[in-house]
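# Observations on chain architecture
Residue strings, one per chain:
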Amino acid sequence: MTVLITGGSGSGKSAYAEKTAVSLAGQSPLYYLATMKIYDDEGRKKVHRHRDLRAGKGFTTIEQPTDLPKAVTGLSRGKGTVLLECLSNLVANEMFPGEEICSGVEVEQRVCRGICLLAQKAEHLVIVTNNVFEDGIRYEDTTCAYMEALGRVNTFAAGIADSVVEVVVGISVPVKGKLL
Amino acid sequence: MELYIGGYAQGKLNYVLNKTGIPISKVYDAAETVPGCSLTEAAVINHFHILVKNFLLEGKNPEEFIRKILIENPGLIIISDEVGNGIVPADAQKREYRERLGRLLCNLAEKAERVERILCGIGQKIK
């Protein structure tokens, strides 16, 4: 099955997503698809916090900051449960690879293709995304283009997902389908 | 302890006061220069996110503070805005505030007997 998990910064969505992935996997392989690019100490700390959360749970980490379809080749231990964290980083990395800015539509297509491939190849796919949409601020055009692309990717992922969950102050609230 | 969260201007305080019958004189409002009553006497902390923000600005530890308050006042009702549902700010201090408040609310929610999320003045019980 495919599960989409959304929430804001510090909402506890990662911890919930891990719990979900572990319980779906049972005895089968568990993969963690990491999308974060590390630029500084803050990023490093974030990665360490997430690594500590995952420690001892049997995840094989695949670093895939861009080019999601390629991640399929990393499923070296066979079919299993993939935890993809997270779409907001992935879309940002694809859109802003360096100086230039990629078109939101192209990025959307690339990411959605990757999601479809993973959903086919994995037994279970748990996707984490980020609710970046509710601060009521009108950002400049580039950021808006990013938000729009992520919004469409989220909508696509929610469409193919069997279950969509919002995590609020660490509590899971069902949006589509049932809670696991 | 009970936790009530929601976006800006969603009628959280009114919802809580109507529901509980607590008088406004028992509300500690972190957004006011004169908060209304002392924290130890308060039945409700309103604008908890502002309290956390002020603590961080002053270089103080909000987690430790609320832990102590809850020992003295375990039946407290805490009302806070949700601030994490937006674009991650470019400013490091603002990122820290969102992240710390988010984690703090997760911890409080875990301990709370009841958690409600308020939208358009209507409460949705999520715990």
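Please refer to the structure higher up on the page.
These lines cover the structure that appears in this document, whether it is placed above or below. None of the values given here were measured: they were computed from a predicted structure. (Residues numbered from 1 in each chain as written. Chains lettered and ligands numbered in written order. Predicted model: local features only at pLDDT ≥ 70, side-chain atom pairs only at ≥ 80, totals over all residues. Heavy atoms only, no water.)

### Some words on the overall build of chain B
When helices and strands are tallied, chain B shows 4 helices and 6 strands. Reading chain B from its N terminus to its C terminus gives the helix and strand order β-α-β-β-α-α-β-α-β-β. Rg of the C-alpha trace for chain B: 14 Å, near the compact-globule value of 14 Å for 127 residues, within the 12% margin. With the principal axes as the frame, chain B shows a C-alpha extent of 40 × 30 × 30 Å. The burial tally for chain B puts 47% of its 127 residues in the buried class. The long-range share in chain B, meaning contacts at least 24 apart out of those at least 6 apart in sequence, stands at 58%. Summed over all atoms, the accessible surface of chain B reaches about 6,500 Å², with 54% contributed by carbon and sulfur. Side-chain charges of chain B comprise 17 positive and 16 negative groups, with the mean position of each set lying 4 Å from the other. (Helix = DSSP H or I, 4+ residues; strand = E, 2+ residues; numbered from the N terminus. Rg over C-alpha atoms; globule rule 2.2 N^0.38 Å. Buried < 20%, exposed > 50% of the residue type's maximum accessible area, 1.4 Å probe, protein only. Contact = heavy atoms within 4.5 Å. Areas by Shrake-Rupley, 256 points an atom, 1.4 Å probe, with all protein chains shown as cover. Lys, Arg positive; Asp, Glu negative; His and termini not counted. Charge placed at Lys NZ, Arg CZ, Asp CG, Glu CD.)

### Considering the pairing of strand β1 (residues 2–6) of chain B
All names here are of chain B. Burial within β1 is extensive, with 4 of its 5 residues counted as buried. Where β1 lies against strand β4 (residues 77–81), 5 bridges are found, and the strand directions are parallel. Across the sheet, the residue bridging to E2 is I77, located in β4. Relative to strand β5 (residues 114–119), β1 is paired through 5 bridges, and the arrangement is parallel. Bridging from a neighbouring strand, Y4 pairs with E116 of β5. (Pairing = 2+ DSSP bridges.)

### Some points on the sheet that holds strand β3 (residues 44–46) of chain B
Residue and element names in this part refer to chain B. Taken in spatial order, the 6 strands make up an open sheet running β2-β3-β4-β1-β5-β6, and their pairing is mixed. Strands with a single pairing partner mark the edges of an open sheet, and in this sheet they are β2 (27–29) and β6 (122–125). If you compare each strand with its neighbour and ignore which way they point, the axes differ by 20° on average. When β3 meets β4, the two strands line up parallel, connected through 2 bridges. Bridge pairing in β4 places I45 opposite I78. (Axes fitted to C-alpha atoms, helices over the stretch in contact; angles between N-to-C directions.)

### Points about the interface of chain B and chain A
Facing the 22 residues of chain B at the interface are 24 residues of chain A. In this assembly, chain B packs against chain A so that about 1,700 Å² is buried in total across both faces, 55% of it on carbon and sulfur atoms. It is N85, I87 and R103 of chain B in chain B that bury the most area against chain A; as a group they hold 36% of the surface buried on that side. Where E99 of chain B meets K46 of chain A, a salt bridge forms, and the shortest distance between an N and an O atom there is 4.0 Å. Joining chain B to chain A, the criterion identifies 10 residue pairs in polar contact (both at pLDDT 80 or more). Counting residues per element, the ones that place at least two in the side of chain B that touches chain A are β1, α4 (92–111) and β5 of chain B. With 9 residues, α4 of chain B is the single largest residue contributor to the side of chain B that touches chain A. Residue composition of the side of chain B that touches chain A, by class: 10 nonpolar, 5 polar and 7 charged. (Buried area = accessible area lost by both parts, 1.4 Å probe. Salt bridge = Lys/Arg side-chain N within 4 Å of Asp/Glu carboxyl O. Polar contact = N/O pair within 3.5 Å; in protein donor to acceptor, adjacent residues only side chain to side chain. Nonpolar A, V, L, I, M, F, W, Y, C, P; charged D, E, K, R; others polar.)

### A look at the sheet that holds strand β7 (residues 171–176) of chain A
Residues and elements named next belong to chain A. Taken in spatial order, the 7 strands make up an open sheet running β3-β2-β4-β5-β1-β6-β7, and their pairing is mixed. The open sheet has two edge strands, β3 (59–63) and β7, and neither has a second partner. When strand polarity is set aside, the average angle formed by the axes of neighbouring strands in this sheet is 20°. Bridge analysis of strand β2 (residues 30–34) against β3 gives 5 bridges, and the strand direction is parallel. From the neighbouring strand, L33 faces β3, where its bridge partner is I62. Across the sheet, helix α2 (residues 41–54) lies against β2, β3 and β4 (81–85), angled at about 155° from β3, the strand it touches most.

### Topic: the side chain of K13 of chain A
Residues and elements named next belong to chain A. Tracing the sequence through the fold places K13 in helix α1 (residues 13–25). E85 provides the closest opposite charge to the buried, unpaired K13, separated from it by 6.1 Å. Discounting chain neighbours no more than four positions away, the residues touching K13 are I5, T6, G7, G8, V128, T129, N130 and V167.

### Some details on the pattern of salt bridges
Per the stated rule, a full pass over the model turns up 19 salt bridges over all chains. With a closest N to O distance of 3.3 Å, E18 of chain A and K57 of chain A form a salt bridge. With E18 of chain A in helix α1 and K57 of chain A in the loop between α2 and β3, this pair connects stretches of sequence that are 39 residues apart. One salt bridge connects E63 of chain B with R100 of chain B, and the closest N-O pair in it is separated by 2.7 Å.

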